[in-house]
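Examination of the molecular architecture
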2 protein chains.
Amino acid sequence: MCTAYVYGVNVYVQRKLVKFDLEILLTYDEGMTTTQRPTLTRDRIIEAAVAYADEHGIDALSMRKLGAELDVEAMSLYNHVANKDDIYDGMIEYVFASLPLPDPDADWQDSIRFIGVAGMDTFTSHGWIVALLMIRGNFGPSALRFTDAVIGILTNAGFSDEDAHHAWQMLSSHTMGYAFQAAANPEGLQKEHVDVEAALTAAADHFPNVARLAPFLAQCEYGSEYAFGLEIIIDGLAARLAS
Amino acid sequence: MCTAYVYGVNVYVQRKLVKFDLEILLTYDEGMTTTQRPTLTRDRIIEAAVAYADEHGIDALSMRKLGAELDVEAMSLYNHVANKDDIYDGMIEYVFASLPLPDPDADWQDSIRFIGVAGMDTFTSHGWIVALLMIRGNFGPSALRFTDAVIGILTNAGFSDEDAHHAWQMLSSHTMGYAFQAAANPEGLQKEHVDVEAALTAAADHFPNVARLAPFLAQCEYGSEYAFGLEIIIDGLAARLAS
DNA sequence: ACCTGAACACCGTTCAAGT
DNA sequence: ACCTGAACACCGTTCAAGT
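An account of the accompanying structure is given in this report. (Residues numbered from 1 in each chain as written. Chains lettered and ligands numbered in written order. Predicted model: local features only at pLDDT ≥ 70, side-chain atom pairs only at ≥ 80, totals over all residues. Heavy atoms only, no water.)

Our focus in this paragraph is the overall build of chain A. Counting secondary structure elements, chain A contains 12 helices and zero strands. Across the 243 residues in chain A, those meeting the buried criterion constitute 49%. Long-range contacts, defined here as pairs at least 24 residues apart, represent 74% of the contacts in chain A between residues at least 6 apart. For chain A, the exposed area adds up to about 11,700 Å²; of that, 54% sits on carbon and sulfur atoms. (Helix = DSSP H or I, 4+ residues; strand = E, 2+ residues; numbered from the N terminus. Buried < 20%, exposed > 50% of the residue type's maximum accessible area, 1.4 Å probe, protein only. Contact = heavy atoms within 4.5 Å. Areas by Shrake-Rupley, 256 points an atom, 1.4 Å probe, with all protein chains shown as cover.)

Structure follows, in structure tokens:
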């Protein structure tokens, strides 16, 4: 891609690794007689991995393809990253670091709502995160910072430690459950899968209830479904707090 | 493993593919002068895949290892199964087929509770199912049968189609969310991961709330947490039904 | 110090050749 | 009809060799 590479003359070009910027960089490179590429760093590798997984899915991400994306042999990655699991951990950290936290003065219910909706947004825009969390867990600093903030909101609201833990488990399960459903949604699946609505209506004889709800199931808006359930959970927690 | 194999003289030995039975079969085989193995079928392949994934995890499952488990070359599997995805679909079907349905005369709240707890049990005893559902979706006959039953319970209880859909999404997200958490739980993760409780308490300076809840987080009983949340959801749905 | 090519031990899958 | 061995195009990762 970069047509020439002068060894030892690495000029760092500040950029994000989105496709658009990448093209600009390449155009820029080709205009030069002596071209250079930005030095390889762990951060650049992680960003490239996130961008690649966003576009092609996590299963398509390989060390060789990631290297090609960065204009480098796969083996060069190992100079900046321990192994592929290390890249996975970096990707998880990257996503959790991007989660916003609410205004500390806000009411606990508003805070929980804000965090929930923002988290759901982030997780659905990086559909691979659920799969990654299942393999690697989530104990990086950003994940801990996030967990700490939510638990802090709950205990400040008056929940006991035990109830705060209940609430945390419930909220995170609700969020991960919907993020999972959104990611496992046929739209997100491989194309070779049969059209779902057709499959559902075809099964009308044996599964009348499913057939009747087929329109709802086929065009489910997970974001608003999530919000609907979140209100029920918040109400339930508030009732428990009041008693 | 089977020392000799007389071509064309396959005697089917009824058995389940659990380790114990396998050993019995092998002992039996070695005692015979002319040994035989059960004919290969799709069902036997699926059962072996489920047993293998239960024991070694879904990532360790490969066509070659699965073949070895069945005393056959990997390529023989393709005579009974389209490809690995087909095996995945069979494994999902196998799990959903094992889900029990409640007494049709039971109260809707008891029915939902029964289905939820039984589902959570099944999903946690096959920890790989969440990952598989994320790759392949769940539109086999048993999954549809299960979905149909739950929706039927809700509509019989008086929920509108739209509210039944809301409730279904919420219940399945809750269940998949907890199944996900249980599967992503450090106990289920690779051993090389750092001891979580130690990591949490070490982070005490920066994350006081997490540190305070460390005991709860480390020894979380997902089954009872699930049941706790399920009650809140059922209460919320009942309140919505009453209004 | 960082990048690379060849190599190793694995994958899923195809296909012609066996019985 | 079913099983197999060799082969192909991929993996993650190691390591000695380059600059």
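Next, the rest of the story.
As a structural note, the neighbourhood of DNA strand D is formed by 20 residues, with A:M63, A:R64, A:K65, A:Y78 and A:K84 the closest of them. For DNA strand D, the fraction of protein-proximal atoms (within 4 Å) that sit in sugar or phosphate groups is 58%. A distance of 2.9 Å separates a phosphate oxygen of DNA strand D from a polar atom in the backbone of A:M63. Between DNA strand D and the protein, one listed contact pairs a phosphate oxygen with a side-chain N or O atom of B:S76 at 2.9 Å. Per-class residue counts for the surface near DNA strand D are nine nonpolar, five polar and six charged. (Near = heavy atom within 4 Å. Polar contact = N/O pair within 3.5 Å; in protein donor to acceptor, adjacent residues only side chain to side chain. Nonpolar A, V, L, I, M, F, W, Y, C, P; charged D, E, K, R; others polar.)

Residues and elements named next belong to chain B. For the structure shown, the criterion picks out nine aromatic pairs over all chains. Ring plane angle 90° and centroid distance 5.4 Å describe the contact between W108 and F159, whose orientation is recorded as edge-to-face. A residue pair is termed long-range when its members are at least 10 positions apart, and W108 in helix 5 (residues 108–125) and F159 in the loop between helix 7 (141–157) and helix 8 (161–184) qualify at 51 residues. For the residue pair W108 and F159, the accessibility class agrees, reading buried in each case. With 6.5 Å between their ring centres and 65° between their planes, F146 and W168 make a pair best called edge-to-face. Of this pair, F146 sits in helix 7 while W168 sits in helix 8; the two residues are 22 residues apart in sequence, bridging distant segments of the chain. Since its relative accessible area comes to 9%, F146 is described here as buried. (Phe/Tyr/Trp six-rings, centres within 6.5 Å; stacked < 30°, edge-to-face > 60°.)

Around DNA strand C sit 20 residues in total, of which B:M63, B:R64, B:K65, B:Y78 and B:K84 are the nearest. Sugar plus phosphate, as a fraction of atoms of DNA strand C within 4 Å of the protein: 56%. Residue A:S76 places a side-chain N or O atom 2.9 Å away from a phosphate oxygen belonging to DNA strand C. Here a phosphate oxygen of DNA strand C and a side-chain polar atom of B:K65 are 3.3 Å apart. By residue number, the principal contributor to the surface near DNA strand C is helix 3 (residues 63–69) of chain B, which donates three residues. Across the surface near DNA strand C, the residue classes break down as nine nonpolar, five polar and six charged.

What follows covers helix 2 (residues 42–56) of chain A. All names here are of chain A. Its 15 residues give helix 2 an end-to-end C-alpha distance of 21 Å, which sits within 8% of 21 Å, the value for a rise of 1.5 Å per residue. For helix 2, the full list of buried residues reads R44, I45, I46, A48, A49, V50, Y52 and A53. Taken together, the buried residues of helix 2 touch helix 3 (63–69) and helix 4 (84–97). Looking one or two residues past helix 2, G57 carries a phi angle of roughly 90°, positive in sign. (Expected span 1.5 Å × (residues − 1).)

A few words on the relation of the copies chain A and chain B. When chain A is fitted to chain B, the best match, at an RMSD of 0.0 Å, comes from turning it 180° and sliding it 0.0 Å along the axis. Here the two chains are linked by the operation of a two-fold rotation axis. Distance from the rotation axis, computed per C-alpha, reaches its smallest value in chain A at A:G177: 1.9 Å. Taken as a fraction of all interface residues of chain A, those also at the interface in chain B reach 100%, which identifies the copy contact as same-surface. (Least-squares fit on C-alpha atoms with pLDDT ≥ 70 in both.)

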